[in-house]
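So you can see what is in the structure, the chains are spelled out below.
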Amino acid sequence: MEEIQKQELTSMNITEEQLQKLKQLFPEAFTEGLKVDWEKLKLTLGEAIDTGKERYGMNFPGKAECFKTIQQPSIATLIPAREESIDFDTTQNLFIEGDNLEVLKLLQKSYLGGVRMIYFDPPYNTGNDFIYPDNYSENLDTYLAYTGQLDGEGKKFATNAETDGRFHSKWLSMIYPRLFLAKNLLTEDGVVFISIGQTELSNLIQICNEIFGEENRAGIVTRVMKTGGNKGKYFSPNTEYILVYTKNTLSAKGFKDDISLELTDKVYNQIETDGDKKGEFYRTMGLYQSSLDARANQRYWIEAPDGSFVIPPGNTFPPIKNEGEKIKPS
């Protein structure tokens, strides 16, 4: 168990800045050269350490290899393509073409903690997606064979079929390192958006909860992608999802904005004070809602600000006209 915990600590790809912060909190748990003394850290944390064999979390075949992939240094180099560029020396934009895992590794040094928004559109793992191994020690021909789905003899590689015993694990092993490295790039108020379908939705939520923290999940957006069609065994799927996670939910901003004056004038009223509209805004709404029915707890008197009593439409009324007085069941 202790060995597993040591591996977990050393496989986090912790930056020097993060180690410095940890040292400020627990200086007694460090030795020379910013090395963590696991035993001292464990003694310092005391009961805060979970030593049980059964833990809540996500595990899958190949997860340990994900951390090796994260820590493996990139062997690629970014080369400027001036001939294919427009206003290369003056543009404010940068377009990088390459394997996204390799690019994420190359960006770690220059853009660590400097990116405000990242959008991922990964394979949805529908069974037709081709998930290839992250092995950059291979030569270009082998890499092209993987990405071209052809082997040296011209035979087609199999897609990630559901009959594969590691159908989900292959996909998780692909997405985990990329999200882990992407988090390092985000600013404190940074946000990541990830498109996904139904197949890996639940798994992706668990992965993101682990990497970003469940408390940093801003929401799950449902997007209508099409209507009609005859795909699907039981239903014809017409939606996909966008998972939204923040680097730090306390720092994230921009999700809500002030109501525009145009919308205010159309939808909201303003309380008048001495004939001038200077008070707070409010919106009038009908008492009737489509979910109301004849149950006693659905219709009751409500005292309005002017002292009058109102009640949603209906044929029966509470016997007494008091705030919250409900009708009696028939």
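Quick caveat: nothing in here was measured; it's all calculated off a predicted structure.

1. So, the packing of aromatic side chains
Scanning all chains against the criterion turns up six aromatic pairs. Ring geometry for Phe-67 and Tyr-176: centres 5.6 Å apart, planes at 70 degrees, overall edge-to-face. Taken together, the residues Phe-67 in helix 4 (residues 63-71) and Tyr-176 in helix 7 (residues 167-185) connect sequence positions 109 residues apart. Its relative accessible area of 15% is what places Phe-67 among the buried residues. Following the ring pairs from residue to residue traces out a cluster consisting of Phe-60, Phe-67, Tyr-176 and Phe-180. A cation sits over an aromatic face here: Lys-321 above Trp-301, 5.1 Å from the ring centre.

2. Things to note about the nonpolar core
One finds Tyr-176, Leu-179, Leu-204 and Leu-243 to be the most contacted residues of the largest nonpolar core, which totals 37 residues. Going through the elements one at a time, helix 4, helix 5 (100-111), strand 3 (115-120), helix 7, strand 4 (186-196), helix 8 (201-212) and strand 6 (239-246) are the ones with two or more residues in this core. Tallying contributions element by element places helix 7 first for this core, with 10 residues. Apart from residues no more than four positions distant in its own chain, Leu-204 is found in contact with Trp-171, Ile-175, Leu-179, Ile-194, Ile-196 and Leu-243. Counting residues in each nonpolar core, the second largest holds six residues, with Ala-29, Phe-30, Leu-34 and Leu-41 among its members.

3. Overview of the sheet that holds strand 5 (residues 217-224)
Taken in spatial order, the four strands of this open sheet run 3-4-6-5, and their pairing is mixed. The outermost strands of the open sheet, each flanked by one partner alone, are strand 3 and strand 5. Each strand of the sheet is rotated relative to its neighbour by a mean of 15 degrees, with strand direction disregarded. Alignment of strand 4 against strand 6, held across six bridges, turns out to be antiparallel. The residue bridging Ile-194 from the neighbouring strand is Leu-243, located in strand 6. On top of the sheet, helix 7 reaches strand 3 and strand 4; it is set at about 155 degrees to strand 4, its chief contact. Sitting on the sheet, helix 8 is in contact with strand 4, strand 5 and strand 6, with an inclination near 5 degrees to strand 6.

4. Considerations on the side chain of Asn-125
Within the fold, Asn-125 resides in the loop between strand 3 and helix 6 (140-147). Residue classification places Asn-125 among the buried residues on the basis of a relative accessible area of 0%. A distance of 3.4 Å separates a polar atom in the side chain of Asn-125 from the backbone oxygen of Phe-167. Within the structure, the side chain of Asn-125 is placed 2.6 Å from the side chain of Glu-200, a separation counted as a polar contact.

5. Looking at the environment of Lys-328
When you line up the elements, Lys-328 lands in the segment after strand 10 (309-310). Along the sequence, Lys-328 and Arg-299 sit 29 residues apart, while their C-alpha atoms lie 9.8 Å from each other.

6. Considerations on the pattern of salt bridges
Taken as a whole and assessed by the stated rule, the structure comprises seven salt bridges. For Asp-189, the salt bridge is made with Arg-116, and the minimal N-O distance between the two is 3.3 Å. Here Arg-116 lies in strand 3 and Asp-189 lies in strand 4, a separation of 73 residues in the sequence. Among the residues examined, Asp-189 registers a relative accessible area of 13% and is labelled buried. Lys-253 is the partner of Asp-189 in a salt bridge, and the nearest nitrogen-oxygen pair spans 2.8 Å.

7. Remarks on the confidence of the model for the protein chain
Keep in mind that low pLDDT regions are not for reading the predicted coordinates in detail. This prediction gives the protein chain a mean pLDDT of 80; 76% of its residues lie at or above 70. The low-confidence segment residues 1-11, where pLDDT is below 50, has 23 contacts with residues more than four positions distant or belonging to other chains.

8. Considering unusual backbone geometry
The phi torsion at Asp-87 lies on the positive side, around 50 degrees, for a residue other than glycine. One non-glycine residue, Asn-125, adopts positive backbone phi at about 60 degrees.

9. Concerning the environment of Lys-68
Structurally, Lys-68 is set in helix 4. Take Lys-68: its relative accessible area is 52%, and that puts it in the exposed class. When the C-alpha atoms of Lys-68 and Pro-177 are compared, they prove to be 9.2 Å apart, with 109 residues separating the residues in sequence.

The rules we used
Residues numbered from 1 in each chain as written. Predicted model: local features only at pLDDT ≥ 70, side-chain atom pairs only at ≥ 80, totals over all residues. Heavy atoms only, no water. Phe/Tyr/Trp six-rings, centres within 6.5 Å; stacked < 30°, edge-to-face > 60°. Helix = DSSP H or I, 4+ residues; strand = E, 2+ residues; numbered from the N terminus. Buried < 20%, exposed > 50% of the residue type's maximum accessible area, 1.4 Å probe, protein only. Lys NZ or Arg CZ within 6 Å of the ring centre and 35° of its normal. Core = buried A, V, L, I, M, F, W, Y, C linked by side-chain atoms within 4.5 Å. Contact = heavy atoms within 4.5 Å. Pairing = 2+ DSSP bridges. Axes fitted to C-alpha atoms, helices over the stretch in contact; angles between N-to-C directions. Polar contact = N/O pair within 3.5 Å; in protein donor to acceptor, adjacent residues only side chain to side chain. Salt bridge = Lys/Arg side-chain N within 4 Å of Asp/Glu carboxyl O. pLDDT = per-residue confidence, 0-100.

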